[in-house]
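# Structural overview for review
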Amino acid sequence: MKKFIALAMTVVMSGLVLTGCGSASTGTPNAEKAATPQKIVVGLDDTFAPMGFRDDKGELVGFDVEMAKEAASRLDMEVEFKPIDWNSKEVELNSKKIDMIWNGLTITEERQKNILFTQPYMANHQIIVVLPDSDIKTKADLSGKVIGTQEGSSSLDAINAEPEVAKTFKEIRTYADYVAALNELKIGRVDAVVADEVVSRYYMSKKPGEYAVIEDNFGEEEYGVGLRKDDTELLGKLQGALDAMKAEGVSAEIAKKWFGEDIIK
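Every value quoted in this text rests on a predicted model; they were computed, and no experiment measured them.

## Quick look at the overall build of the protein
- Counting its secondary structure elements, the protein contains 10 helices and 13 strands.
- Counting all 265 residues of the protein, 44% fall into the buried class.
- For the protein, contacts bridging at least 24 residues in sequence account for 74% of all contacts bridging at least 6.

## Description of the sheet that holds strand E12 (residues 212–223)
- Strand order in the open sheet formed by 5 strands is E10-E9-E11-E8-E12, and the pairing between neighbours is mixed. The sheet is open, and its two edges are formed by strand E10 (171–175) and E12, each paired on a single side. Sheet twist, expressed as the average angle between the axes of neighbouring strands with direction ignored, equals 25°.
- One ladder, built from 7 bridges, connects strand E8 (residues 122–130) with E12; its direction is antiparallel. Looking at E12, one finds that Val-130 is bridged to Ala-212.
- Along the sheet, helix H7 (residues 178–186) contacts E8, strand E9 (146–150), E10 and strand E11 (192–196); its crossing angle with E11, the most-contacted strand, is approximately 160°.

## Looking at the environment of Arg-173
- Within the secondary structure, Arg-173 is located in strand E10.
- Sequence spacing of Arg-173 and Val-190 is 17 residues, and the spatial spacing of their C-alpha atoms is 8.0 Å.
- Apart from the residues lying within four places of it in its own chain, the contact partners of Arg-173 are Val-146, Ile-147, Gly-148, Thr-149, Arg-189 and Val-190.
- Only 3.1 Å separates the side chain of Arg-173 from the side chain of Glu-171, close enough to count as a polar contact.

About the cut-offs
- Residues numbered from 1 in each chain as written.
- Predicted model: local features only at pLDDT ≥ 70, side-chain atom pairs only at ≥ 80, totals over all residues.
- Heavy atoms only, no water.
- Helix = DSSP H or I, 4+ residues; strand = E, 2+ residues; numbered from the N terminus.
- Buried < 20%, exposed > 50% of the residue type's maximum accessible area, 1.4 Å probe, protein only.
- Contact = heavy atoms within 4.5 Å.
- Pairing = 2+ DSSP bridges.
- Axes fitted to C-alpha atoms, helices over the stretch in contact; angles between N-to-C directions.
- Polar contact = N/O pair within 3.5 Å; in protein donor to acceptor, adjacent residues only side chain to side chain.

Structural measurements only, silent on function.
Here it is, written out as structure tokens:
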């Protein structure tokens, strides 16, 4: 009788072990599927031209929009763009309302605590814009000149971060936006404009030959795509797509379309 009971218990336990193994094996593909979704939702500020904004027809267009579409196509994934409150972007990402932040997102040490970033795909500078025939060739040549920039902008912050240079200016004039400052440069009311590169190159690309950018600048920030900290597998695949796009010159072509030249990092 004891032998029979022992044999019965062995059969029951074997069944439980087999059942457990079956659950684990079926769970693995599901985990892999979750790590590599068939659809990705990209969060963006849909008013940030030229990275992501709405055209005259209300369609989402822009440099980052085209980059995301190209990368998703290479990964055989569907992509959806979701306008978000930019001030709540990390909450949107970590609550899984979106899968990526792809909209001129600056990589900072503080953000890296909560966001997993791709390698930088673009460097955005605070550039110095002059007229093509200007005698201003370096930052030192700004001494005694009238400088224009956007009021309350990161460009103005960058100027003020270099007080030893700023104090040599004859005057700093601020305007409602960079376009207004560049128009003032065109008619000769300022000698140079310090401006956000991404926004300014987009504007200047529509007016070829009217402006020039000198080599010196007032600082650099790098853009990357932001993902959740645990989405390491998705990050690896996305980075592979971005690397291939750069190597094949596809990213450069997209950049030339929106900025008039290749500014891919």
